[in-house]
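Each chain, written out:
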Amino acid sequence: MTGPRVGGARPRAPRTGAFLMGAVALACLAGAAPDWPFPIYGLGRAGAAPACQAAGYRAFDFWLGRWRVVAPDGAPAGRSEITPALEGCAVLETFAGGQGRSLSAPDPGTGTWHQDYVDHAGLTLRLLGGPDGQGMRMEDSVRVIRNGPSLRSRFAWRPDGGGTVRQTWWFSTDGGATEQVNFDGRYLPDTTAAPPPPPPATCRERPAYRALDGMLGQWQVWQGGRAVGRATLTATAGDCLIEERFTGSGRHQRYQLLAFLYYDRYIQRWFRVQADVEGHWHRLGGVMHEDVLDLAGLIPDGRGTPIPAVLRWRQPAPDTLRQAWMTGRTAVDPAVEFTWVREAAP
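The rules behind each value
Residues numbered from 1 in each chain as written. Predicted model: local features only at pLDDT ≥ 70, side-chain atom pairs only at ≥ 80, totals over all residues. Heavy atoms only, no water. Helix = DSSP H or I, 4+ residues; strand = E, 2+ residues; numbered from the N terminus. Buried < 20%, exposed > 50% of the residue type's maximum accessible area, 1.4 Å probe, protein only. Contact = heavy atoms within 4.5 Å. Areas by Shrake-Rupley, 256 points an atom, 1.4 Å probe, with all protein chains shown as cover. Pairing = 2+ DSSP bridges. Axes fitted to C-alpha atoms, helices over the stretch in contact; angles between N-to-C directions. Salt bridge = Lys/Arg side-chain N within 4 Å of Asp/Glu carboxyl O. Phe/Tyr/Trp six-rings, centres within 6.5 Å; stacked < 30°, edge-to-face > 60°. Disulfide = S-S within 2.5 Å.

Asks: Please clarify how the overall build of the protein should be interpreted in this entry.
Replies: In terms of helices and strands, the protein carries one helix and 21 strands. Here the protein holds 346 residues, and 49% of them are scored as buried. For the protein, restricting intrachain contacts to residue pairs at least 6 apart in sequence, the fraction spanning at least 24 positions comes to 47%. Looking at the protein as shown, the accessible area adds up to about 15100 Å², and 52% of this sits on carbon and sulfur atoms.

Here it is as structure tokens:
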């Protein structure tokens, strides 16, 4: 993909791509910023022992596997592959050959599980919950659509005997006052070798989803003249989702990060959720302001206390991205900046 054409010039990437690489750059900067407030992205923890061995990280393991999904009447409802990610720190879903993708992980500070789901039609879900003694339950907050309904979803996953899993999705258009079953399926072990075909690129024709195409490709991440790692960003789920996989370099090469970056068309906001191999998780959200994308949210500090943070990125040249990370509720505090150099286009 390419960015928009401006004034008849050759296609160029939008000036919005640096955030994602900046976030991952922090993962590998042990000692580069000793007063940095966030103990995440591997900062200062190179070579740490595997972090996700606690029982809480295994709460969703019953869903792992390759599945054939059927409706209550036995009719086929798709195939799904659920795999562990980041050395057991997260769970990754691929539904119907990539028509749907989800990233699930617990917040180690609260024990709450979160799932971000994106499908090839642009549907997005941000769920939270946890094990309930029978399986896993999650729900989202109410999304009020301007001049439209108030959407809310609830999900339950249950081991259903004989090595199967049942998933139920309740959906509401009035903020949860009433609801109906939107999906009820059983996950049966699938021995089919051939995966389903990939979904059509539905979101490719929607301009709002194209705003961050400039970050797609392979990048080397730099800070202070030092290379700290590489990131690959790929459009998936019908081009409705950008997935980033980052690996540190040098003595930080064990560090890995997986992030989803996506647009919620219902409320017209961008979101980024990440999990890493050290067991850290967070989600940030924001909007575009001309050629700048700011994402804000809360990230736990070294004592586990959530503090406000702002991520801002811009693109000064087609093959260069710059990102700044700021603390505070507004983007006014001194920034730590990172530079990304493109190694390969998508």
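Asks: Whenever I open this one, the sheet that holds strand β21 (residues 336–344) confuses me. Can you help?
Replies: Strand pairing in a sheet takes place through backbone hydrogen bonds and is either antiparallel or parallel in direction. Around the barrel, 10 strands lie side by side as β12-β13-β14-β15-β16-β17-β18-β19-β20-β21; this closed barrel has antiparallel pairing. If you compare each strand with its neighbour and ignore which way they point, the axes differ by 25° on average. Across eight bridges, strand β18 (residues 292–300) lies against strand β19 (residues 306–317) in antiparallel orientation. Each residue of the ladder has a partner; that of L295, found in β19, is L311.

Asks: When you look at unusual backbone geometry in this model, what are you seeing that I'm missing?
Replies: A negative phi angle characterises most non-glycine residues, just as the trans form characterises most peptide bonds. The residue E87 is not glycine, and still its phi comes out positive at about 55°. For E87, the location among the structural elements is in the loop between β2 (76–85) and β3 (90–95). With a phi close to 55°, E290 is a non-glycine residue in the positive phi region.

Asks: Hey, could you run me through the pattern of salt bridges in this one?
Replies: When the charged atoms of two side chains with opposite charge come close together, those side chains can pair. Scanning the entire structure with this criterion turns up 20 salt bridges. A salt bridge links E243 to R101; its shortest N-O distance comes to 2.8 Å. Remark: R101 occurs in strand β4 (residues 100–106) and E243 occurs in strand β14 (residues 241–248); sequence separation between them is 142 residues. The buried category is assigned to E243, whose relative accessible area is 4%. Notably, a salt bridge pairs D213 with R210, separated by 2.7 Å at the nearest N-O pair. A relative accessible area of 4% means that D213 is categorised as buried. With a relative accessible area of 14%, R210 lands in the buried category. A single network of salt bridges, built from pairs that share partners, joins R126, R143 and D264.

Asks: In this structure, what is going on with the packing of aromatic side chains? I would like to understand it.
Replies: Centre-to-centre distance and the angle between the planes together describe a pair of aromatic rings. For the structure on display, the rule yields 15 aromatic pairs. Measuring from ring centre to ring centre gives 6.2 Å for W63 and Y187, while their planes differ by 70°; the resulting arrangement is edge-to-face. Of this pair, W63 sits in the loop between α1 (18–25) and β1 (65–70) while Y187 sits in strand β11 (residues 180–189), and the two are 124 residues apart along the sequence. Take W63: its relative accessible area is 1%, and that puts it in the buried class. A relative accessible area of 1% means that Y187 is categorised as buried. Centre to centre, the rings of Y263 and W270 are 5.4 Å apart; their planes meet at 50°, and the pair counts as tilted. According to the relative accessible area criterion, Y263 is buried, its value standing at 12%. Ring-pair connections join several aromatic residues into one group, and the members of that group are F60, F62, W63, W67, W113, F155, W157, W169, F171 and Y187.

Asks: Which parts of the structure should I look at to understand the state of the cysteines?
Replies: Chemically, a disulfide is nothing more than a covalent bond linking the sulfur atoms of two cysteines. Scanning the entire structure with this criterion turns up two disulfides. For C203, the disulfide goes to C240, at an S-S distance of 1.9 Å. One quick way to see it: the torsion about the S-S bond of C203 and C240 is about 85°, and its sign makes the bridge right-handed. With C203 in the loop between β11 and β12 (217–223) and C240 in the loop between β13 (226–236) and β14, the pair connects residues that are 37 residues apart, well separated along the chain. For the pair formed by C203 and C240, the shared burial category is buried.

Asks: I tried to follow the pairing of β13 on my own but got confused; where do I start?
Replies: Within a regular beta strand, the side chains point alternately toward one face of the sheet and then the other, so they alternate between its two faces. As paired elements, β12 and β13 share seven bridges and run antiparallel to each other. The residue bridging G217 from the neighbouring strand is L233, located in β13. The hairpin turn running from β12 into β13, its antiparallel successor, is two residues long, and G224 in that turn takes a positive phi close to 60°. Two elements, β13 and β14, share eight bridges in a ladder whose sense is antiparallel.

The quantities given are spatial measurements derived from coordinates; they are silent on function.
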